[in-house]
Amino acid sequence: IIHTTQGSLAALPLADLVFAFSLSMILCVLREALKCNGLGYQWDIGDKTVPLVEVSYCDDNAAPVVAPASRLGADATRVVQIAYTVVKAYGLELNVLKTQVVATINGKGARAARMRLLDTRNTACFNLDGKVFEAHFEDIAKHVGTMLCVCVEALANEVVVRAAHIRSGPSSYRKVLK
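The structure presented is a predicted model; accordingly, all values stated were derived computationally and were not measured.

(A) Quick look at helix H2 (residues 72-89). The terminal C-alpha atoms of H2 lie 26 Å apart, and with 18 residues this matches the ideal 26 Å at 1.5 Å per residue to within 8%. For H2, the full list of buried residues reads Leu72, Asp75, Ala76, Thr77, Val79, Val80, Gln81, Ile82, Ala83, Tyr84, Val86 and Val87. One or two residues past the end of H2 sits glycine 91, with phi positive at roughly 80°.

Here it is as structure tokens:
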């Protein structure tokens, strides 16, 4: 047990550990709230059903949304609204201005869904506490040297670039972490 009156600085391991332990309870409540709202997802692989759950790293969180193309935008923004409400119940504030949706749109209605997104500059609007926010739909998300996408081709290029930087020695690491 550590006693502190000022906390720890951002990006220090202690801050990340305390955050992870504290956030785990909130994430469990969020997972249940999503299920109760019909937004709990699973993937059927052969004869097995695999539940899809959020992934967290430090203070970032990614939640899966699997929906027909016609509903993807509405379901994704509903996940953000529910997350905002759950986090707020614990006296915290979700930074919705940083919210991104990394999406692949396939199947029936995909073309029409992509056209709707293009018409809105790849955004979907939603309301929180009487304010209108936008969730930005992206093919790829990059954050603090980490890349997330749902397409193998983009990741393959990223792996090649990073491997080249690593082979060229420590002086190139800052390029990897841009």
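(B) Molecular detail of unusual backbone geometry. Non-glycine residue arginine 121 carries a positive phi angle of around 55°. Counting through the fold element by element, arginine 121 comes out in the loop between helix H3 (110-119) and strand E6 (123-128). The class of arginine 121 is exposed, set by a relative accessible area of 63%. One non-glycine residue, aspartate 129, lies in the positive phi region at around 50°. Within the fold, aspartate 129 resides in the loop between E6 and strand E7 (131-138).

(C) Focus on a nonpolar patch on the surface. On the surface, a cluster of nonpolar side chains totalling about 340 Å² of accessible area is made up of Met25, Val29, Tyr90 and Leu92. Checked against the element boundaries, tyrosine 90 lands in the loop between H2 and strand E5 (100-102). The exposure class assigned to tyrosine 90 is partly exposed, which follows from its relative accessible area of 34%.

(D) Structural view of the pairing of E7. Direction of pairing for E5 relative to E7: parallel, over a ladder of three bridges. When the bridges of E7 are listed, valine 102 appears paired with glutamate 138. Relative to E7, E6 runs antiparallel, the two sharing six bridges. Across the sheet, residue asparagine 127 finds its bridge partner in E7, namely valine 132. With antiparallel pairing between neighbouring strands as the criterion, E6 and E7 make up a hairpin whose turn holds two residues, including aspartate 129 at a positive phi of roughly 50°.

(E) The nonpolar core, seen in detail. Grouped together as the largest cluster of nonpolar side chains are 18 residues, with contacts concentrated most on Val96, Val101, Ile105, Phe126, Leu128 and Phe137. Going through the elements one at a time, H2, H3, E6 and E7 are the ones with two or more residues in this core. Sequence-distant contacts of valine 96, defined by excluding residues within four places in its chain, comprise Val80, Tyr84, Phe126, Leu128, Phe133 and Glu134. Grouped together as the second largest cluster of nonpolar side chains are 13 residues, Ala33, Ile82, Ala83 and Val87 included.

Conventions and cut-offs
Residues numbered from 1 in each chain as written. Predicted model: local features only at pLDDT ≥ 70, side-chain atom pairs only at ≥ 80, totals over all residues. Heavy atoms only, no water. Helix = DSSP H or I, 4+ residues; strand = E, 2+ residues; numbered from the N terminus. Expected span 1.5 Å × (residues − 1). Buried < 20%, exposed > 50% of the residue type's maximum accessible area, 1.4 Å probe, protein only. Patch = residues over 30% accessible without salt bridge, like charges linked within 9 Å, V, L, I, M, F, W, Y side chains within 5 Å. Areas by Shrake-Rupley, 256 points an atom, 1.4 Å probe, with all protein chains shown as cover. Salt bridge = Lys/Arg side-chain N within 4 Å of Asp/Glu carboxyl O. Pairing = 2+ DSSP bridges. Core = buried A, V, L, I, M, F, W, Y, C linked by side-chain atoms within 4.5 Å. Contact = heavy atoms within 4.5 Å.

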